[in-house]
Amino acid sequence: MAALLLIPSGLLGSMAGRQMLADRACLLLVAEVPFLIGLTVWGTWKVAGRTLRPVEDIRCELAAINVNDVGNRVAEPSGHDEIARLAHTVNGMLARIEHAKNVTERALQQQRQFAADASHELRTPLAGLRAELEEAQLHPEETDLRDLLHRALTDVDRLQAIIADLLLLARVGATKVTEQQPVDLAELVDDEVSARNDRVRVQLRLQSGVTVKVVRSHIGRLLTNLLDNAQRHARQAVRVEVYLSGDAAILAVSDDGTGIPEAERERIFERFTRLDAARSRDHGGTGLGLAIARDIAKAHHGILRVADSASGGACFVLQLPLGRPPSYVGSDAPTPSVALFWREDVAMISA
């Protein structure tokens, strides 16, 4: 406007005056554009800086977190905007990392303990075998060769059993889903029990048509371990049952022994755990049988627990998801057939 006032009033109406006015207006506009651009840039920078300051705070806090303090969290701004959601997501990620770190540390600790226990279990028969051989070498004339070979082979058998169980423990977690197949649990139990020669009679109560999708050899080994455990503790009878319970298959192995104290019912599934003299090496156990059984159950998305049996001993209950739904529904469904017999005389009794 100051430029316009400098123009003589007589020229305003002429063509030259209007041209001069237009030129001066253009000059004024050209001079103001850089100022306006600069002002816009400065304002944008200030607004963006204020907006992104919480992001920079999050970045600094994340940079300060290391493997030793993954329990720390970034500050979450109030509200529900993008910055607040970003901070919430970052804290969720840190929580998952902390959980994974804790799980890994526990697994490593368990592996270290397992390696130490395995070394101890392997060292014991090796030390005994070495002592026997060294004694025979020092006193060959006083050595009963037949007795020495028997004791040496016993130690070798124990070493072989421990190594086989260790290999099985490593393989259970690596089993592929494609190796699973539908299996009639009652038929599997009948086949496994028929192949055994136990000191205590085995009573079977099996419901047919209970189908599970499993690795047959692994479930067979689980049953073998439970039966071996029951045989070591039973007085007069071992009972095996297979039946449906809702949408799950149940396999129960019970004995009439002394049972397991409630406080020890989780510890017995730990590797190389023996509660008393009845579970000592003299009874042939490697200390891995129940641990293997629990791992096999978990690998098949099942649950293995222990409770009291009706006869006063221990009852190990395996719960597995069904491989297919039952072929009957409703309250009018027929009662499934059940077989009950004693193993000594294989005399079938109608249930």
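Preceding this section is the structure that the text describes.
Residues numbered from 1 in each chain as written. Predicted model: local features only at pLDDT ≥ 70, side-chain atom pairs only at ≥ 80, totals over all residues. Heavy atoms only, no water.

(A) View of the overall build of the protein chain. Scanning the protein chain for helices and strands turns up eight helices and nine strands. The 351 residues of the protein chain split such that 31% are buried. Pairs at least 24 apart in sequence give 67% of the contacts found in the protein chain among residues at least 6 apart. When the accessible surface of the protein chain is split by element, carbon and sulfur atoms take 58% of a total near 22000 Å². (Helix = DSSP H or I, 4+ residues; strand = E, 2+ residues; numbered from the N terminus. Buried < 20%, exposed > 50% of the residue type's maximum accessible area, 1.4 Å probe, protein only. Contact = heavy atoms within 4.5 Å. Areas by Shrake-Rupley, 256 points an atom, 1.4 Å probe, with all protein chains shown as cover.)

(B) Just the side chain of N91, in detail. With respect to the element layout, N91 can be found in helix α4 (residues 82–138). Take N91: its relative accessible area is 8%, and that puts it in the buried class. Each residue touching N91, except ones within four places of it in the same chain, is listed here: R73, V74 and E76.

(C) Region of the structure containing helix α5 (residues 145–172). A rise of 1.5 Å per residue sets the reference length of α5, with its 28 residues, at 40 Å; its end C-alpha atoms lie 40 Å apart and thus fit the reference within 8%. Within the sequence span of α5, burial applies to L148, A152, D155, R158, L159, I162, D165, L166, L168, L169 and V172. Packing partners of the buried residues in α5 comprise α4, α7 (216–233) and α8 (289–299). With a side-chain oxygen lying 3.1 Å from the backbone nitrogen of R146, the N-terminal cap of α5 falls on D144. (Expected span 1.5 Å × (residues − 1). Polar contact = N/O pair within 3.5 Å; in protein donor to acceptor, adjacent residues only side chain to side chain.)

(D) Here's a closer look at the nonpolar core. Within the largest apolar cluster, 50 residues are counted, with the highest numbers of intra-cluster contacts made by V189, V240 and F316. Counting residues per element, this core draws most heavily on α7, which supplies six residues. Residues I58, I65, V74 and V90 belong to the second largest nonpolar core, which totals six residues. (Core = buried A, V, L, I, M, F, W, Y, C linked by side-chain atoms within 4.5 Å.)

(E) Expanded view of a nonpolar patch on the surface. Taken together, the side chains of V33, I37 and V41 present a nonpolar region at the surface, about 250 Å² in accessible area. As for its position among the elements, I37 is in helix α3 (residues 15–64). (Patch = residues over 30% accessible without salt bridge, like charges linked within 9 Å, V, L, I, M, F, W, Y side chains within 5 Å. Salt bridge = Lys/Arg side-chain N within 4 Å of Asp/Glu carboxyl O.)

(F) Examining the packing of aromatic side chains more closely. The final tally for this structure, using the stated rule, is one aromatic pair. Residues F269 and F316 carry aromatic rings whose centres are separated by 6.1 Å and whose planes lie at 85 degrees to one another, so their mutual orientation is edge-to-face. Highlighted residues: F269 in the loop between β5 (248–255) and α8 and F316 in strand β7 (residues 314–321), separated in sequence by 47 residues. A relative accessible area of 1% means that F316 is categorised as buried. Across the ring face of F269, the terminal group of R294 is positioned such that the distance to the ring centre comes to 3.9 Å. (Phe/Tyr/Trp six-rings, centres within 6.5 Å; stacked < 30°, edge-to-face > 60°. Lys NZ or Arg CZ within 6 Å of the ring centre and 35° of its normal.)

Shape descriptors only; they carry no functional weight alone.
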